[in-house]
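# Structure assessment
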Amino acid sequence: MFIMTENEKTVDEDQKTSEEQGVKAKISRKKSKKPRQQSLQESLGISTEKVRDVEEKLFIARFIDYLSEDTLDFIYKEKATNQYMKKVSDKVATLDKGNEEDKLLKMSFEDKKIIETIYNLKSNAESIAQAKGIKTSPDKRLRWLSLAVTVPLLALLFILVFLSIDILFLFPILCVFCMVPQFLRSYVLKKWSAFKEENKNEIYTQNREDIMVLKSFVGELLNNIRAKLLQEKVPLELIQFVLHSGDYENLKLINKRDLRGLTQYFYRFEYPEGMEPFPIPEHLKHYQEPVVEKGKKEKPEKNFIVLTELKAKDGIIESFVPTLRDDLSEKINQILNESEFSESPKEFKEIIPNYSESMAIYCLCGEIVEISEVQVSNWQDQFKFYLFEGKECKCGEKIYAISLMDDSTEVPEELKDIFLS
């Protein structure tokens with residue numbers, strides 16, 4: 001979208017990372033008259049097609065930059081990677097219809113064999129991981145470990161209850177039953193973070209040529225976007241976005257932040273030397289404020305959980321699998337900025353009556369998230385879903401979760417990668 005608001009952790013441990021990975025979108029809890037994108041578009045007199053062109057190109061730039069910088073976040077993520085690549089391919093296919101600069105961009109994409117290079121880099125990273133005993137993604141590993149531990153514990157608990165064992169004897173077992181899922185999650189994520197840190201240099205050393213090819217294309221793409229914005233006389237201060245590296249020209253650094261081994265760079269485009277900035281309409285000036293002020297200690301909302309494998313009906317959620325989606329946090333922020341919010345008619349305990357250690361939303365540190373607020377998000381007056389806001393965890397993180405209200409709900413095509421992947 002035109003203004004990239006901050007709430008991403010460049011695709012994280014699971015491909016998260018971080019996209020994730022860093023743009024903050026301040027989630028509005030008030031009904032807005034117009035989505036931010038529409039307000040900018042109308043005020044600046046830019047066509048919908050040109051707005052979409054900038055959005056799609058920025059998406060491609062962030063995705064390729066993230067993958068080239070944190071390749072391990074994409075290993076064993078074939079479905080998600082293929083979804084990204086389809087979006088990239090679909091957009092590149094339309095560049096023939098653009099101006100001469102777009103056609104040159106497409107030629108560069110093809111000459112540098114970007115698609116082949118991306119899959120080659122991912123494959124090489126998986127080979128390194130396999131050689132060191134990592135044969136699946138942390139998400140899948142966590143699910144299998146949780147299942148392997150939870151099922152026997154449930155069976156044991158059932159047997160002991162059936163045998164009418166004294167409650168004092170059962171109490172220690174219940175404590176173990178509550179703590180194991182949290183311990184497993186914390187253990188898996190810490191091990192994964194350590195593995196990435198230990199092997200990041202090896203990935204870069206063995207694949208330096210491919211990484212440089214990808215970064216050079218990202219640089220061309222960013223320059224193409226900047227040129228289009230200048231041509232449309234868009235105030236560059238309004239366009240803020242996050243990348244995972246500082247290897248590009250013609251960008252102004254707004255903020256730099258280290259987060260669990262990942263570095264997030266908050267940027268806006270820089271004006272050409274000697275060029276006066278375009279005037280910003282008065283009612284849009286608040287959009288130019290940095291997404292994160294330098295030196296500010298405030299922690300932005302950045303962690304999104306999607307409730308997948310959902311069983312829900314009439315607004316009541318019977319079961320789910322919490323899936324960390326930092327890789328899509330920018331897109332989630334975008335749809336939230338384009339949504340109106342209303343208070344949920346049901347309380348949280350009514351929506352998820354079985355919320356417990358065995359079926360809960362977890363913080364990154366492994367603690368169960370305590371939900372403080374539930375709202376119904378109405379995206380563009382055509383699609384409703386739950387937004388759960390967690391209280392700040394003792395580790396300092398804050399979790400947001402989104403979910404369908406009914407598993408039979410028809411999801412708009414452009415949102416399927418969020419709710420159905």
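Residues numbered from 1 in each chain as written. Predicted model: local features only at pLDDT ≥ 70, side-chain atom pairs only at ≥ 80, totals over all residues. Heavy atoms only, no water.

## Quick look at the packing of helix H2 (residues 48-69) against helix H8 (residues 208-231)
To keep it simple, the criterion reads: For helices, the fitted line uses only the C-alpha atoms of the stretch in contact; every axis is such a line through C-alpha atoms, and the angle between N-to-C directions lies from 0 to 180 degrees. Working definition: helices are DSSP H or I runs of at least four residues, strands are E runs of at least two. Numbering for both runs from the N terminus. Oblique is the label for every angle not falling under 35 degrees (roughly parallel), over 145 degrees (roughly antiparallel), or within 65 to 115 degrees (roughly perpendicular). Note on convention: near helix rotated counterclockwise from far helix by under a right angle means a left-handed crossing. Clockwise means right-handed. By definition, residues are in contact when any of their heavy atoms lie within 4.5 Å. For this scheme, ten residues count as nonpolar: Ala, Val, Leu, Ile, Met, Phe, Trp, Tyr, Cys and Pro. Four count as charged, namely Asp, Glu, Lys and Arg, and the remainder, Gly too, count as polar.
Where H2 meets H8, the closest approach of the two axes is 9 Å, and the angle between their N-to-C directions is 160°. One way to sum up the angle between H2 and H8 is to call them roughly antiparallel. Regarding H2 and H8, the two cross each other, and that crossing is left-handed. Two secondary-structure elements touch here, H2 through Asp53, Val54, Lys57, Leu58, Ile60, Ala61, Ile64, Asp65, Leu67, Ser68 and Glu69 and H8 through Ile211, Leu214, Lys215, Phe217, Val218, Leu221, Leu222, Asn224, Ile225, Lys228 and Leu229. Here the contact of H2 with H8 is built from residues that sort into 14 nonpolar, two polar and six charged.

## Looking at helix H3 (residues 78-93)
We count it as follows: To estimate how far a helix should reach, multiply one less than its number of residues by 1.5 Å. Think of it in three bands: with a 1.4 Å probe and only protein chains considered, a residue is buried below 20% of the maximum accessible area for its type, exposed above 50%, and partly exposed in between. To be clear, the arc concerns the directions from the helix axis to the C-beta atoms.
For H3, spanning 16 residues, the distance from its first C-alpha to its last is 22 Å, which sits close to the expected 22 Å at 1.5 Å a residue. Within H3 the residues assigned to the buried category are Ala80, Thr81, Tyr84, Met85, Val88, Lys91 and Val92. Down the axis of H3, the sector holding all buried residues measures 130°, keeping them to one side. Exposed residues on H3 whose side chains face more than 90 degrees from its buried face are Lys79 and Lys86. On the buried face of H3, the contacting elements are H2, helix H4 (100-111) and helix H5 (114-131).

## Focus on unusual backbone geometry
Its identity is not glycine, yet Lys113 carries a phi of approximately 50°, on the positive side. Relative to the elements of secondary structure, Lys113 occurs in the loop between H4 and H5.

## Things to note about the side chain of Lys106
Note the cut-off: Definition of a polar contact: a pair of N or O atoms within 3.5 Å, with one able to donate and the other able to accept a hydrogen when the atoms are protein atoms, and with sequence-neighbouring residues admitted only if both atoms are side-chain atoms.
With respect to the secondary-structure elements, Lys106 resides in helix H4. Of the polar contacts made by the side chain of Lys106, one reaches the side chain of Asp96; its length is 2.7 Å. Those residues in contact with Lys106, other than ones at most four positions away along the chain, are Val92, Ala93, Leu95 and Asp96.

## Details of the pairing of strand E6 (residues 303-313)
A regular strand places its side chains on the two faces of the sheet in alternate fashion. Formally: By the convention used here, strands pair only if DSSP detects at least 2 bridges between them.
When you tally the buried positions in E6, you get eight out of 11 residues, the bulk of the element. Pairing of E6 with strand E11 (residues 399-403) involves four bridges; the strand directions are parallel. Across the sheet, residue Asn303 finds its bridge partner in E11, namely Ile399. Sheet topology places E6 next to strand E7 (residues 316-324); seven bridges connect them, and they run antiparallel. Following the sheet pairing, Lys311 is matched in E7 by Ser319. Turn length for the E6-E7 hairpin, with the two strands adjacent in sequence and antiparallel, is two residues, and the turn residue Asp314 shows positive phi of about 55°.

## Thoughts on the pattern of salt bridges
Two side chains bearing opposite charge may form a pair once their charged atoms approach each other closely. Our working definition: In the sections that follow, a salt bridge refers to a side-chain nitrogen of Lys or Arg positioned within 4 Å of a carboxyl oxygen of Asp or Glu.
A complete count under the given rule lists 24 salt bridges for this structure. Across the salt bridge formed by Glu126 and Lys122, the nearest N and O atoms sit 2.6 Å from each other. You can see Glu126 and its partner Lys122 sitting in helix H5, four residues apart, about one turn around the helix. Residue class for Glu126 comes out buried when judged on its relative accessible area of 12%. Of the residues examined, Lys122 reaches a relative accessible area of 5% and is grouped as buried. In this structure, a network of salt bridges that share partners links the residues Asp53, Glu56, Lys57, Lys91, Asp102 and Lys228.

## A word on the side chain of Lys91
Checked against the element boundaries, Lys91 lands in helix H3. Once you skip the residues sitting within four places of it in the chain, Lys91 turns out to touch Asp53, Glu56, Lys57 and Ile60.

## A look at H5
For H5, built from 18 residues, the straight-helix expectation of 26 Å at 1.5 Å per residue is met to within 8% by its first-to-last C-alpha distance of 26 Å. Within H5 the residues assigned to the buried category are Ile114, Thr117, Ile118, Leu121, Lys122, Ala125, Glu126, Ile128 and Ala129. Directly beyond the C-terminal end of H5, a positive phi value near 90° is found at Gly133.

## Some thoughts on the confidence of the model for the protein
The test is simple: One confidence number per residue, pLDDT, is output by the predictor and ranges from 0 to 100.
Looking at the protein as a whole, the pLDDT averages 79, with 72% of positions reaching at least 70. Per-residue pLDDT stays below 50 along residues 291-300; that stretch engages in 20 contacts with residues further than four places along the chain or on separate chains.

## Describing the packing of H4 against H8
At a minimum axis separation of 11 Å, H4 and H8 run at an interaxial angle of 170°. Judged on the interaxial angle alone, H8 and H4 are roughly antiparallel. When H4 is examined against H8, the residues Glu101, Asp102, Leu105, Ser108 and Phe109 are found in contact with a partner set consisting of Phe217, Glu220, Leu221, Asn224 and Lys228. Its residues assigned to classes, the contact of H4 with H8 comprises four nonpolar, two polar and four charged.

## Quick word on the sheet that holds strand E10 (residues 383-390)
Consider a sheet: its strands pair through backbone hydrogen bonds, and that pairing is either parallel or antiparallel. Taken in spatial order, the six strands make up an open sheet running E7-E6-E11-E10-E9-E8, and their pairing is mixed. In the strand order of this sheet, the two ends are held by E7 and strand E8 (339-343), each with one partner. Taking the axes of each pair of neighbouring strands and ignoring which way they run, one obtains an average angle of 30° across the sheet. Here E10 pairs with E11 via four bridges, running antiparallel. The residue of E11 that forms the bridge with Leu387 is Ile402. Packing of helix H9 (residues 329-337) onto the sheet brings it into contact with E6, E8, strand E9 (371-379), E10 and E11, and relative to E6 it is tilted by some 70°.

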